[in-house]
Amino acid sequence: MDKLLIRGGRPLSGEITISGAKNAALPELCAALLTAEPVTLDNVPALQDVATMLKLLRNMGAKAERDADRPDRIRLDAGSVTSPEAPYDLVKTMRASILALGPLLARFGEATVSLPGGCAIGSRPVDQHIKGLQAMGADIRVEHGYILAKAPTGGLRGARITTDMVTVTGTENLMMAAALARGETVLENAAQEPEIPDLAEMLIAMGAKIEGHGTSKIRIQGVERLGGVNHRTIPDRIETGTFLCAVAATGGEVLLRHARADHLDAVIDKLREAGARIEAGTDWIRVAASGRLKAQSFRTSEYPAFPTDMQAQFMALDCVAEGTARITETIFENRFMHVNELVRLGARIEVDGHTAVVQGVEKLSGATVMATDLRASASLVIAGLVAEGETVVDRIYHLDRGYDHMEAKLRAVGADIERIK
Ligand SMILES: CC(=O)N[C@H]1[C@@H](OP(=O)(O)OP(=O)(O)OC[C@H]2O[C@@H](n3ccc(=O)[nH]c3=O)[C@H](O)[C@@H]2O)O[C@H](CO)[C@@H](O)[C@@H]1O
Ligand SMILES: C=C(OP(=O)(O)O)C(=O)O
């Protein structure tokens, strides 16, 4: 199993190019299932989750290949889908496979999708996806770990759907299903994360009629068919935020290219309050920091508030900042698993329910730690970059699921980090 060996204590300087967003690319790959025409996606990151999604689409009979001359481009053709099914062995490694459910049901009138397992960060049920599709007339049974879904005769029907909580993939699944349903769907309490308007723009370019994306009320007028499209995925705001925290923690100065500061206001505000210097243009962000920063308290919440996917990385920064930070996680019930590993590196953190209290220390000291989920892994990498001596981050397959060549990007700005097999 691969590990990362980090020798900490080096400031970072230079340039990093931000990849396309994992959480936009995954639903957009599934959106290709809505049409029999070719779809081309650009700026798709090279990640394990994307590879898994391509496998899943090919398993259904779709064509899904990276362009040989241009690796960020994926060409998809779901004209040849024969089996609207997502089997357990592919779904179990990637929860986002649930995003195949809405498009398959809308286009083929039926779908069989394995229930995603509970994962490290929480139980993560999909009841809201199911409830929304049922409101559109689908008959849904859960048997032997599979969601067996059938559309009514004549196809899904538009409906007014208010989800019990704000759900990102739930909103995406229902928006995609509604694009091919009969009549109007109104999604109330919709998620507003930037990945949702990006998906909506792609669907609109395919011929969908969608309004209100990026707000909590999305209106979709179903159309009979959708066509092909060439769409460019937005930059990954969480990869961007991860590198911003890394530079703020280690000190130095780095220019992030192809980055969108306007998708990351809550994190950038906190970094500035901590003492990092940040400038930004339309597609770049420059971050500079020196000395110890000031610890920052925050509370994760739905967009545009502080993202849960940045909680672990910012906690690593707080571990070596001056003062005390209170970090409250409100989205997932079990997203503090990095805490014990950070403590192994010398951090002082106490968890009380959904809140972690971090007392900043002057330094961390390298140790062997274990990655438990994707962003926990990123947090341990940041901690390793600031710790004295050697840190080994074990089980980095989590990191490979969601970061595009992270260690190569960090090495290019001066980090002493290598992958050991
Ligand atoms: C592929 C992708 O885009 N993943 C992101 C997406 O995950 P994902 O879409 O799975 O997360 P949700 O927004 O759905 O989850 C929000 C909360 O709602 C709960 N819930 C959700 C759906 C449901 O049917 N029932 C239910 O109870 C979840 O357990 C969680 O407590 O948004 C999360 C929250 O920003 C991010 O951390 C993930 O990186
Ligand atoms: C939790 C995450 O992803 P997923 O929903 O794919 O598990 C994440 O990106 O931090």
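Here the structure is a predicted model, which is why all the values come from computation and not from measurement.

Topic: the overall build of the chain
(1) Moving on: Each helix and strand counted, the chain has 14 helices and 24 strands in total.
(2) Moving on: Taking 2.2 N^0.38 as the reference for a compact globule, 421 residues should give roughly 22 Å; the C-alpha atoms of the chain span a radius of gyration of 21 Å, in line with that estimate.
(3) Moving on: With respect to the principal axes defined by its C-alpha atoms, the chain has extents near 65 × 45 × 40 Å.
(4) Moving on: Looking at the chain as a whole, 52% of its 421 residues are labelled buried.
(5) Moving on: A sequence separation of at least 24 residues applies to 72% of the contacts in the chain between residues at least 6 apart.

Considering the site of ligand 2
(1) Moving on: Inspection of the region around ligand 2 gives Asn23, Arg95, Ala96, Ile121, Asp309, Leu374, Arg375 and Gly402 as its neighbouring residues.
(2) Moving on: Looking at the shell around ligand 2 residue by residue, the classes come out as 3 nonpolar, 2 polar and 3 charged.

A look at the sheet that holds strand β10 (residues 160–162)
(1) Moving on: Taking strand neighbours across the sheet as the criterion, the 4 strands line up as β10-β11-β13-β12 in an open arrangement whose pairing is mixed. Edge strands, defined here as strands with exactly one partner in the open sheet, are β10 and β12 (209–211). When strand polarity is set aside, the average angle formed by the axes of neighbouring strands in this sheet is 15°.
(2) Moving on: Across 5 bridges, strand β11 (residues 184–188) lies against strand β13 (residues 217–221) in antiparallel orientation.

A word on the sheet that holds strand β22 (residues 368–370)
(1) Moving on: Pairing is mixed in the open sheet, where 4 strands are placed in the order β22-β23-β1-β24. Edge strands, defined here as strands with exactly one partner in the open sheet, are β22 and β24 (416–420). Taking each pair of neighbouring strands and ignoring which way they run, the sheet shows an average axis angle of 20°.

Topic: the nonpolar core
(1) Moving on: Judged by nonpolar contacts, the single largest core of 72 residues is most densely connected at Ala248, Ala249, Ala316, Leu317, Ile382 and Ala383.
(2) Moving on: Counting residues per element, this core draws most heavily on helix α12 (residues 374–386), at 9 residues.
(3) Moving on: Sequence-distant contacts of Ala249, defined by excluding residues within four places in its chain, comprise Ala316, Leu317, Val320, Ile382, Leu385 and Val386.
(4) Moving on: Among the nonpolar cores identified, the runner-up in size contains 70 residues, and Ala24, Leu99, Ile130 and Ala149 belong to it.

Some thoughts on the packing of helix α8 (residues 237–250) against α12
(1) Moving on: Direction vectors running N to C along α8 and α12 enclose 20°, while the axes themselves pass 9 Å from each other. Overall, the two elements α8 and α12 adopt an arrangement that is roughly parallel. Judged by the twist between their axes, the crossing of α8 over α12 is right-handed. Side by side, α8 and α12 meet where Thr242, Cys245, Ala246, Ala249 and Thr250 of the first sit next to Ala378, Ile382, Leu385 and Val386 of the second.

Brief notes about the domain arrangement of the chain
(1) Moving on: By the assigned domains, the chain splits into domain 1 (3–19 + 235–420) and domain 2 (22–232).
(2) Moving on: Here the C-alpha centre of domain 2 lies 30 Å away from the C-alpha centre of domain 1.
(3) Moving on: The interface is formed by 18 residues belonging to domain 1 together with 14 residues belonging to domain 2.
(4) Moving on: Residue contributions to the side of domain 1 that touches domain 2 peak at 3 residues, all from helix α13 (residues 397–402).
(5) Moving on: Residues belonging to the side of domain 1 that touches domain 2 are distributed by class as follows: 3 nonpolar, 6 polar and 9 charged.

Scoring rules and cut-offs
- Residues numbered from 1 in each chain as written.
- Chains lettered and ligands numbered in written order.
- Predicted model: local features only at pLDDT ≥ 70, side-chain atom pairs only at ≥ 80, totals over all residues.
- Helix = DSSP H or I, 4+ residues; strand = E, 2+ residues; numbered from the N terminus.
- Rg over C-alpha atoms; globule rule 2.2 N^0.38 Å.
- Buried ≥ 20, exposed ≤ 12 C-beta atoms within 10 Å, placed from the backbone.
- Contact = placed C-beta atoms within 7 Å.
- Near = placed C-beta within 6 Å.
- Nonpolar A, V, L, I, M, F, W, Y, C, P; charged D, E, K, R; others polar.
- Pairing = 2+ DSSP bridges.
- Axes fitted to C-alpha atoms, helices over the stretch in contact; angles between N-to-C directions.
- Core = buried A, V, L, I, M, F, W, Y, C linked by C-beta atoms within 7 Å.
- Parallel < 35°, antiparallel > 145°, perpendicular 65-115°, else oblique.
- Left-handed = near helix turned anticlockwise from the far one by under 90°.
- Domains from an automatic or database assignment.

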